[in-house]
Amino acid sequence: MILKNLVPLCILVIAFSNEAMSQNMSFEEYNPVSTLKVPGKEIHRAKFPFIDVHGHQYQMPTQDLSLLIADMDKLNLAIMVNLSGGSGERIKQSLENIKDHYPNRFAVFANVDFDGVGKPGWSEKAVAQLETDIKNGAKGLKVYKSLGLRDKDASGKRLAVDDDRLSAIWEKCGELGVPVLIHSADPKPFWDEVNSDNERWLELKTHPRRKRSATDPASWEQIIGEQHRMFKKHPKTNFINAHMGWYANDLGTLARLMDEMPNMYVGIGAIIAELGRQPKNAHKFFVKYQDRVLFGKDSWKPEEFPTYFRVLESDDEYFPYHKKYHAFWAMYGMDLPDEVLKKLYYKNALKLIPGLDRSLFPKD
């Protein structure tokens, strides 16, 4: 009899314990399922064939490209630009693998090793290697965020993005007619105090090494300012500013910068969450600057592309983003016109990147 009476009591205690625990859950644990019922559906394949100008494939010299192509075809991804090409023998091996198997489905950008800047003959050697890589088939130059953050010159000093000793590299790209896709700094909140006001608090908690400060290694404003000065000093070179230059959350300022620097284009890699929370404002921006915005994803995770397609193509409301630590808010569709989508998906990339196969895309 006593045991029989204890059973409901135990159930009550367990229920109470679970409720108490739920009242003390962390922000990371709180991830409610929305009860909102609105029209809309996921988009698993882009409306038009597209070019991903911001891809990374680190094993391209030897990898089986057929597996990659199978995933690309499902997404309607016609051409992937691999920004992790390296230089010299490595990029030659990637280009040979592409030529032997899928010669019109990939493009590769070269990279410059900034180690040794300031040593006699460094600039001439770097420019000569870049020119060789382009002649061997590279379609552009990718500059990693290490320039401005981690790279140091021969004396151990932080290498600024607009260091004059690098000018010959940017000039050579302009001369050869190839674009420079450059990533400088990181989101501004990485430099801000980590507290309840910081919108990137969760990301910084889960990825603490991303935290920066005005002296680690320089302020955000300084690094971004260096990038802009570099763009302005080389008006004959086309620059694709990765991640919309970290101004996707401030399109008014980005519009002013676009007007100031007509040689600056922007890619949308890793910032779709910013666009998806301001669909009307973003729609206006993309229509106005439709000739200078390019599709890019950054990390190769095919399951994340549908978020991009849905934000860009639909007018759906309040749908989830794919990575909570980037964005804990819901997305809304920008409902871009077909002509703007075509420019974003492929026309602008065909204009900037030489030698891509135009037959993969609509003729209109």
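Provided above is the structure to which this section pertains.
Residues numbered from 1 in each chain as written. Predicted model: local features only at pLDDT ≥ 70, side-chain atom pairs only at ≥ 80, totals over all residues. Heavy atoms only, no water.

Asker: Just give me the short version of the environment of Asn76, but keep the residues and values in it.
Answerer: Structurally, Asn76 can be placed in the loop between α2 (65–75) and β2 (77–82). When its relative accessible area of 15% is taken as the criterion, Asn76 is described as buried. Taking C-alpha positions, Asn76 is 9.2 Å from His44, a pair spaced 32 residues apart along the chain. The contact partners of Asn76, leaving out residues within four places of it in the chain, are Arg45, Ala46, Lys47, Phe48, Pro49 and Phe50. Polar contacts involving the side chain of Asn76 include one to the main-chain carbonyl oxygen of Ala46, which spans 3.2 Å. (Helix = DSSP H or I, 4+ residues; strand = E, 2+ residues; numbered from the N terminus. Buried < 20%, exposed > 50% of the residue type's maximum accessible area, 1.4 Å probe, protein only. Contact = heavy atoms within 4.5 Å. Polar contact = N/O pair within 3.5 Å; in protein donor to acceptor, adjacent residues only side chain to side chain.)

Asker: With reference to specific residues and values, describe the sheet that holds strand β7 (residues 264–267).
Answerer: By way of backbone hydrogen bonds, the strands of a sheet pair with one another, either parallel or antiparallel. Ordered by their spatial adjacency, 8 strands build an open sheet running β1-β2-β3-β4-β5-β6-β7-β8, and the pairing between neighbours is parallel. The two strands at the open ends of the sheet, each matched to only one other strand, are β1 (50–55) and β8 (293–294). Across 4 bridges, β1 lies against β2 in parallel orientation. Bridge pairing in β2 links Gly55 to Asn82. Relative to the sheet, helix α8 (residues 220–233) contacts β5 (180–182), β6 (239–241) and β7, its axis offset from that of β6 by approximately 155°. (Pairing = 2+ DSSP bridges. Axes fitted to C-alpha atoms, helices over the stretch in contact; angles between N-to-C directions.)

Asker: Account for the pattern of salt bridges, with residues named and values stated.
Answerer: Counting across every chain of the model gives 25 salt bridges. Between Arg165 and Asp163 there is a salt bridge whose closest N-O contact spans 2.8 Å. On the basis of relative accessibility, which here comes to 35%, the residue Arg165 falls in the partly exposed class. Judged by relative accessible area, which is 14%, Asp163 ranks as buried. Residue Glu274 pairs with Arg277 through a salt bridge whose shortest N-O separation is 2.8 Å. Given the relative accessible area of 32%, Arg277 is considered partly exposed. (Salt bridge = Lys/Arg side-chain N within 4 Å of Asp/Glu carboxyl O.)

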